[in-house]
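Examining the three-dimensional arrangement
Residues per chain are reported as follows:
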Amino acid sequence: MCVRHRSHGAVNAAWVYRPWHRLVCPRHQQAGPDPRLDRTVRTWAVPELAAVHHSHQRLLRHPGGVSAWMAARAITTGWYDHQQHLTGRWHHCLNQLVMASPHLNHAGGASPARLARDLVAYPETVALARTLAALPPTTNRTTNDTLALIAHQLSLARLAPAVNDPLRAFLTHTRL
């Protein structure tokens, strides 16, 4: 439940640092990706955010869900910051959010791309986290098989990360 709902409409926006599983309020079609904004970000222009929110709730009930979420968020944040793999999709999502919430362009000099980063990458972060949480133990899989599975889950034709890519490092050195 979001702060707006708990206030019974007394406030239009209330900023708190939300836990990651509460980034989006599907009921009010809004989000609070960065507390530096003075207004909420309307998410109606990107309807998949509401569905992803529910998927994220289910992920957190998985035994490895929190670990998978933390890893996936680090990976997609790196991809976003270095404009890798999903850049076109993310630019489109950012444009949709800015059209629905034009104040993102006038947020005290902060870049809309930075302010909305977590929100823009949210669908792919949840999809990646769900895939990582469902992976069999490392002894039963190869990196190439896993990359193919992740590419499929992210609706990419293929995924060939560089040696220093955070996903490749995770798959090579980490177990959930």
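Scroll up to find the structure this text is about.
Residues numbered from 1 in each chain as written. Predicted model: local features only at pLDDT ≥ 70, side-chain atom pairs only at ≥ 80, totals over all residues. Heavy atoms only, no water.

**Structural notes on the sheet that holds strand β3 (residues 41-42)**
Spatial ordering of the open sheet is given by β1-β2-β3, a layout of three strands whose pairing is antiparallel. The open sheet is flanked by β1 (24-25) and β3, the only strands paired with a single partner. Relative to β3, strand β2 (residues 30-31) runs antiparallel, the two sharing two bridges. Bridge pairing in β3 places A31 opposite V41. (Pairing = 2+ DSSP bridges. Helix = DSSP H or I, 4+ residues; strand = E, 2+ residues; numbered from the N terminus.)

**What to know about the layout of surface pockets**
Quantified by volume, the largest pocket comes out at close to 160 Å³. Around the largest pocket, the lining residues are Y80, D81, Q83, T87, W90, H91, L94, S111, A113 and R114. Sort the elements by how many residues they give to the lining of the largest pocket and helix α4 (residues 87-100) lands first, with four residues. (1 Å grid on protein atoms, 1.4 Å probe; cavity = no way out; pocket = protein on both sides within 12 Å on 5 of 7 lines; lining within 4 Å. Points joined across faces, edges and corners; volume = space filled by probe spheres on them.)

**Structural notes on helix α7 (residues 122-134)**
Over its 13 residues, α7 runs 18 Å from end to end, which matches the ideal 18 Å to within 8%, given 1.5 Å per residue. Most of α7 sits out of view: 10 of its 13 residues are buried. Every buried residue of α7 is accounted for by Y122, P123, E124, T125, V126, L128, A129, T131, L132 and A133. (Expected span 1.5 Å × (residues − 1). Buried < 20%, exposed > 50% of the residue type's maximum accessible area, 1.4 Å probe, protein only.)

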